[in-house]
Structure formats: C-alpha cells, structure tokens
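# Remarks on the overall topology
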Amino acid sequence: GEDVEQSLFLSVREGDSSVINCTYTDSSSTYLYWYKQEPGAGLQLLTYIFSNMDMKQDQRLTVLLNKKDKHLSLRIADTQTGDSAIYFCAETSRDYKLSFGAGTTVTVRA
Amino acid sequence: SQTIHQWPATLVQPVGSPLSLECTVEGTSNPNLYWYRQAAGRGLQLLFYSVGIGQISSEVPQNLSASRPQDRQFILSSKKLLLSDSGFYLCAWRTSTGELFFGEGSRLTVL
C-alpha cells in the first residue's frame, strides 16, 4: 500500500544475516508487523512491535523501530534456505485496518 | 485454538461467470473479518472488512461484494467476473492487538 513502502527484492547468502527495511507514513501507528508468505500460501505472522518499543528480539529475528524516521527493519540471523519467502511489513493505526507494504522477496542462495 | 478456513483453494472461471468464496473462523466469537486480494507480484489490497453480522465496509470500488450472514462466516462474491478479478484472495481475522491471522488463500484465475 502507499502508506507502507519496502524494497522489492533481497538476495542473501545462506548463513549471512538478512535485513529487510520498511518505511511508513502514519505517525499514529500503534503496532507494526512482519508477515511471511511462502509460495502459494497465506500470510504467517512472524512478529510485531508496539510503537513505544525500539527493539524486539525473538530467536533469530530482531525488529528495530525508529519512530522518529518511521523506519522499521527485520533482521534474520543465520539465514537459511527455508527463510526464502516474501516478507510483508504492516502497520495499524486505525481501529480495524492494517496497511501492508508490497512485500520484499528474499532469496537465499547457497 | 482459533482456526480459519477458506475454500475453494483454486478456482478457474470464465469471464462473466459468478463467484463465491467462503471463509469461516472457529474458536472465536464476533471476530473482525477481512478480505484481501493479492495480485501477481504485488502487495495486499484490502477489499472488505466486517465488524459484525450484516456489517460490511468496502475499501475500494470494484466488481466484488461481500456478505456476513453468520458471526463466523464471511463470503466474497461477484455476479459477473472480469479478467482483472484474477488474483489470490485471502481471508483474515483480527485479534484485539491488531494481529491478523490469514487463511490459506483462494487462487482465482479468470479466463
């Protein structure tokens, strides 16, 4: 969506770290999310961060939030072939709606 | 635990034919329900959302309609499909913290 922007592609070598970036426009965003979509499947919620937090870590995933710059990133440590997927950034600031970015296609090469 | 089901998973329909995609949620009551469309190589576009039985909000003008005849049932319909209706349709329900849980999707090809 036009409120959330992401780069479209990322290629990373197996074992390296992946960093996926996202910017959003709504300064009243309350929650920000990262979803993963594998080929032909629905979206799976990976993690989310509340807007009053700067960082959240969950195993290999680290989410960083720079609220001043409206910038969100997802770092995947020790990237594996199973991490190849499309990753969507999303935000919600209104009662019922989430706005999604266009998705970043992550390709993990051996 | 909550689960969400969509069907059919795959559909090939001729232009001008009707459409009905169904979504049901189990394990929760009075969920907020959503229909999204994902066109090939693109992000998710919110089509409809519903906060209760008979309550439908449309996000974009289009050839599609939605209905919510029961608390945990959400239906996406069209009377006459267009080529541009092809895409991957995703139903979702929302938790109180705003997380969306998605169904497995329905891939529609209009020929």
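Our structure is the block above this text.
Read on for an overview of the structure. Residue positions are given per chain, counted from 1 along the sequence in the order it is written. Note on labels: chains are lettered from A, ligands numbered from 1, in written order. Reporting of local features is limited, given that this is a predicted model, to residues whose pLDDT is at least 70; pairs of side-chain atoms are given and counted only at 80 or more, and all residues count toward the totals for whole chains, interfaces and linings. The basis for every side-chain value is the complete set of heavy atoms in the structure, and neither hydrogens nor water enter the calculation.

It is worth spelling out the overall build of chain A at this point. Numbering goes from the N terminus for both helices and strands, where a helix is a DSSP run of H or I of at least four residues and a strand is a run of E of at least two. A count of helices and strands for chain A gives zero helices and 11 strands. Secondary structure of chain A in N-to-C order comes out as β-β-β-β-β-β-β-β-β-β-β. For a compact globule the rule gives 2.2 Å times the number of residues to the power 0.38, and the radius of gyration it is set against comes from C-alpha atoms. A globule of 110 residues ought to have a C-alpha radius of gyration of about 13 Å, and chain A, at 13 Å, matches this closely. C-alpha extents for chain A along the principal axes are approximately 40 × 30 × 20 Å. The buried share among the 110 residues of chain A stands at 44%. Here, residues are in contact when the closest pair of their heavy atoms is within 4.5 Å. Of the contacts made within chain A by residues no fewer than 6 positions apart, 55% connect residues no fewer than 24 positions apart. To measure how exposed things are, a 1.4 Å probe is used in the Shrake-Rupley method; for residues, cover is taken only from the protein chains shown. As presented, chain A carries roughly 5400 Å² of accessible surface, and 47% of it is formed by carbon and sulfur atoms. Between the centroid of the 11 positive side chains of chain A and the centroid of its 14 negative side chains there is a distance of 2 Å. Whether a residue is buried, partly exposed or exposed follows from its accessible area with a 1.4 Å probe, protein chains only, as a fraction of its type maximum: under 20%, in between, or over 50%, in that order. Working convention for charge: Lys and Arg count positive, Asp and Glu count negative, and His plus the chain ends are omitted. Charge coordinates come from a single atom per side chain, which is NZ of Lys, CZ of Arg, CG of Asp or CD of Glu.

Time to look at the interface of chain A and chain B. With 20 residues of chain A at the contact, the number on the chain B side is 22 residues. Put simply, buried area is how much 1.4 Å-probe accessible surface two parts lose in total, over both of them, once they are put together. A combined buried area of about 1600 Å² lies between chain A and chain B, and 56% of that area is made up of carbon and sulfur atoms. In the sections that follow, a salt bridge refers to a side-chain nitrogen of Lys or Arg positioned within 4 Å of a carboxyl oxygen of Asp or Glu. The interface formed by chain A and chain B holds zero salt bridges in total. Within 3.5 Å is the distance limit for a polar contact, defined as a pair of N or O atoms, with the added protein rule that one can donate a hydrogen and the other accept it, and that residues adjacent in sequence qualify only through two side-chain atoms. Taken together, the links from chain A to chain B amount to three residue pairs in polar contact (both at pLDDT 80 or more). Only strand 4 (31-37), strand 5 (43-50) and strand 9 (85-92) of chain A provide two or more residues apiece to the side of chain A that touches chain B. In terms of residue count, strand 4 of chain A provides more of the side of chain A that touches chain B than any other element does, four residues in total. Under this grouping Gly is polar, as are all residues other than the nonpolar Ala, Val, Leu, Ile, Met, Phe, Trp, Tyr, Cys and Pro and the charged Asp, Glu, Lys and Arg. Grouping the constituent residues of the side of chain A that touches chain B by class yields 12 nonpolar, five polar and three charged.

All names here are of chain A. Read across the sheet, five strands follow the order 1-3-8-7-6 without closing on themselves; strand pairing throughout is antiparallel. The strands lining the two open edges of the sheet, one partner per strand, are strand 1 (4-6) and strand 6 (55-58). On average, each strand axis in the sheet is tilted by 15° relative to the strand beside it, whichever way the strands run. Two strands are counted as paired when DSSP detects at least two bridges linking them. Here six bridges tie strand 3 (residues 18-24) to strand 8 (residues 71-76), and the two strands are oriented antiparallel to one another. Bridge pairing links cysteine 22 to leucine 72 in strand 8. For helices, the axis comes from a line fit to the C-alpha atoms of the stretch in contact; other axes are also lines fit to C-alpha atoms, and the angle between any two N-to-C directions lies between 0 and 180 degrees.

Two pairing modes exist for strands in a sheet, parallel and antiparallel, and in both the strands are linked by backbone hydrogen bonds. All names here are of chain B. Strand order in the open sheet formed by four strands is 1-3-8-7, and the pairing between neighbours is antiparallel. If you trace the sheet from one side to the other, it starts and ends with strand 1 (3-7) and strand 7 (65-70), each paired once. Here the average twist between neighbouring strands, direction ignored, is 20°. Alignment of strand 3 (residues 19-26) against strand 8 (residues 73-78), held across six bridges, turns out to be antiparallel. Each residue of the ladder has a partner; that of glutamate 22, found in strand 8, is isoleucine 75.

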